[in-house]
Structure formats: structure tokens, C-alpha cells
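A structural walkthrough
If you want the building blocks of each chain, they are given just below.
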Amino acid sequence: MKNIFLVVPLLFLILSCENKVEKVHNAFYYWKTDTYSEVSVPEKNMLEQQNVEKLYVKYFEVDYTEAMGSFPISKTNVRLSSYCEENLPKKYTVIPTVYIKNIVFKKSSEKDLDKLADNVNFLINKFTNEKFDSIAVNEIQIDCDWTASTKDRYFYFLKKLKPISQKEISVTLRLYPYKYPEKMGVPPVDKVTLMCYNLINPLADDSKNSILDLKEMESYLNTKKKYPLHMDIALPLYSWMQLYQNNQFKGVLYNGNDLKKVLKETKPLWYEVTKDTVIDYKDYLRVGDKIKYEEITPEQINKAIALIKKNIKLDKEITVSLFHLDANQLNNYTNEEISHFYSDFTK
């Protein structure tokens, strides 16, 4: 009996070590597009302070219309070349990331997808040469909210992209396909990044934080199966405001901290505008307008990490990406807090 009591703790220790993350590669998403932008000095300092190794840069999106078929939009205009003397392109691995709307796969034939794979690869190479001084690219990430009805065509596209690009292919994975791989399929790629945010339709439930609701997240993570592909993790470091005028949704605002002084809280997550305000010469807030302000606190991120560690069997070496690299959004967190968002996975 005494030997049994000695063996059980030892067995528990061995099993727990099998699932322990030993190394984290620090990463950020960079999601600014359309207008010309550079990685700002505060953002560059953040990359250096946090020992960031990878930047997932959104190169462009792919949309669809009946008249044009599939076409690229929201092309990146960011350049890292201005930091060549400081060796930034060599220090950070850039992973081109392409968001493809699900309608593309609803409307496309296999012949269309053959052409799309060629075009996506061509544009990635073009942007890499023009904007990133032809740095070596070893991985491409595809971001798509695929459905059960589009999975076959989406997976067909991914299979075509791999030999054309001759690169490692990763995809983003939402929590629903993570929990239901039998229904949603497992993408034919090298690895996935689990997106631990945007769990709820922003307009579907006015009482929940659509960016990160911990109870909702836990309900998707409580599967005991290990996902059959290597899994990395992405966490949200951003906030937004949903603007309602005359009880009608008007759009999303991102500079929430500047607006707090003209807002009065009416109930959890909800505020009312107390003074007519103009934002960036284009958005007009009027007294009485309603705003749902969704933000993510360090405490919420820490709890999310605890849930992930408790429920997901991760490999010994993973990448943890924070969404996204924006100095205004990152002002809500200290350097020490951000550092812990990475390091806590190994504790």
C-alpha cells in the first residue's frame, strides 16, 4: 500500500509534464491596411522589449462579386524597409497572412480555385519583394471562417496552394471547428492557430463581450480530444465601441480611451454620449447616442490563458500571437503584463 501512494504522485507528475509547454515563440499580428503606415517607434520598441520573433502581417483580403469573381482588397501598405539599417527584416520572421471571405468558396469552382491559388501566391511574392526587401518567407497563413458547406472547396484550395508556394501552410482555427472537427473537417495544412476571441456575433447578444466571453470560451474548450494538428494560440489585445444612433447600429469605433470623458455608463458594457463630439473629422457622436464598449482587461487574458492550459493539450513548443500590434490599443497594458501573456504558458 505504501508503494502505491508513492507511485500515484509520480505518475501524475509524468503525465502533467507530457502536456507542459517548454518554449514559447513570441508573436504579434499586424493588421493595418489600406492607408500607408509604418511600424511606429512605440510599436518597434514593443517588439524589441517583448523579444518578438514573428510578425503575422495581413497582406490583403480576398472578396467576391458576380461581376469580378474573386479579387484582392485591403492591401497592405506597411513597410519594414525603413528599418533595414537596424536589421529588422532579418530579426523578425514575417508570415504573410491572407484573409479570404467565405463567399469566395461558396461561389468558386475547382477551376476558379486553381487560379486563386496562383494569384494568392503571386501577390504574396510581389508584396514581399516590394515592401519587405525580398526577405525569406517560409510560411503562409490563410485566415477564413469556413463552414461545413464550404470546407471541401476551402480544403481543395489549401491543397493547391502548398505545392505552388513551396512553403509551410498554416490556417486560423475558430473555436467552433476546433470543438467539432468531425463536422467541420481538419484542414490539410501543417499547423493551425487557435483564435481565442470573437466568439459571439457582435450584434447578437447585447449583454456579452463579443471579443472575449470566458464562459462561452470554456464551453468550446471542454473537449478531451487532442486536435490532430500542431496548434498555436492567438489572444486579443484590443477594444472597440459599437455605435448606435436611434437604436440602429452605425459602425465600430476604435479610439475608446479618448471618448470615455463624454460617456456615461448606463449598465454593464453600455454607455450614453453626454456631449456632441466629432472623431477624426468623420464620425459624429450626438448626445443620447448609445455605445457598447467592449474592452479586454489583463485579468480576462490571464483567465483565458488558464482555461487554455487546463483544457488544451499543447505541444512542448508553440507560438503565442497577440492581436494586434497597435500602439493606441497596447497603451491599455503594461510591458510586464504583456510579457506574462507569453511566459505564463510555460508555468
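Being a predicted model, the structure only gives us computed values, none of them experimental. (Residues numbered from 1 in each chain as written. Predicted model: local features only at pLDDT ≥ 70, side-chain atom pairs only at ≥ 80, totals over all residues. Heavy atoms only, no water.)

What follows deals with the overall build of the chain. The number of helices and strands found in the chain is 13 helices and 18 strands. Here the chain, with 347 residues, has 50% of them falling under the buried criterion. Taking the contacts inside the chain whose residues are at least 6 apart along the sequence as the reference set, 74% of them involve residues at least 24 apart. If you sum the accessible surface of the chain, you get close to 17500 Å²; carbon and sulfur atoms cover 51% of it. (Helix = DSSP H or I, 4+ residues; strand = E, 2+ residues; numbered from the N terminus. Buried < 20%, exposed > 50% of the residue type's maximum accessible area, 1.4 Å probe, protein only. Contact = heavy atoms within 4.5 Å. Areas by Shrake-Rupley, 256 points an atom, 1.4 Å probe, with all protein chains shown as cover.)

Before going further, it helps to examine unusual backbone geometry. Note on backbone geometry: most residues besides glycine have negative phi, and most peptide bonds are trans. Of note, the bond from Phe323 into His324 is cis; its omega dihedral lies within 30 degrees of zero at 0°. Positive phi values are uncommon outside glycine, yet Asn247 reaches one of about 65°. Positionally, Asn247 belongs in the loop between strand S11 (240–245) and strand S12 (248–253).

Interaxial distance between helix H9 (residues 214–221) and helix H11 (residues 298–311) falls to 10 Å at its minimum, and their mutual angle equals 10°. Classified by the angle between their axes, H9 and H11 sit roughly parallel to one another. The two elements H9 and H11 cross, and the hand of that crossing is right-handed. Counting all contacts with H9, which are made through Leu214, Met217, Glu218 and Leu221, the residues of H11 involved are Gln300, Lys303, Ala304, Leu307, Ile308, Lys310 and Asn311. Its residues placed into classes, the contact of H9 with H11 shows six nonpolar, two polar and three charged. (Axes fitted to C-alpha atoms, helices over the stretch in contact; angles between N-to-C directions. Parallel < 35°, antiparallel > 145°, perpendicular 65-115°, else oblique. Left-handed = near helix turned anticlockwise from the far one by under 90°. Nonpolar A, V, L, I, M, F, W, Y, C, P; charged D, E, K, R; others polar.)

Turning next to the pattern of salt bridges. Close approach of charged atoms allows side chains with opposite charge to pair. In the structure shown here, the tally under the stated rule is 18 salt bridges. The partner of Lys107 in a salt bridge is Glu66, with the nearest N and O atoms 3.2 Å apart. Here the residue Lys107 occupies a position in helix H4 (residues 102–107), and Glu66 occupies one in the loop between strand S3 (54–65) and strand S4 (69–73), the gap between them amounting to 41 residues. One salt bridge in this structure joins Lys191 and Glu139, with 3.4 Å as the shortest N-O distance. With Lys191 in strand S9 (residues 191–195) and Glu139 in strand S7 (residues 139–143), this residue pair connects regions lying 52 residues apart in the sequence. (Salt bridge = Lys/Arg side-chain N within 4 Å of Asp/Glu carboxyl O.)

Before going further, it helps to spend a moment on helix H6 (residues 151–165). Between the first and last C-alpha of H6 there are 21 Å, a value that for 15 residues agrees with the 21 Å anticipated at 1.5 Å per step. Along its buried surface, H6 packs onto strand S6 (93–100), H4, helix H5 (110–131), S7, strand S8 (168–173) and helix H8 (181–184). (Expected span 1.5 Å × (residues − 1).)

Nothing here speaks to function; it is all geometry.
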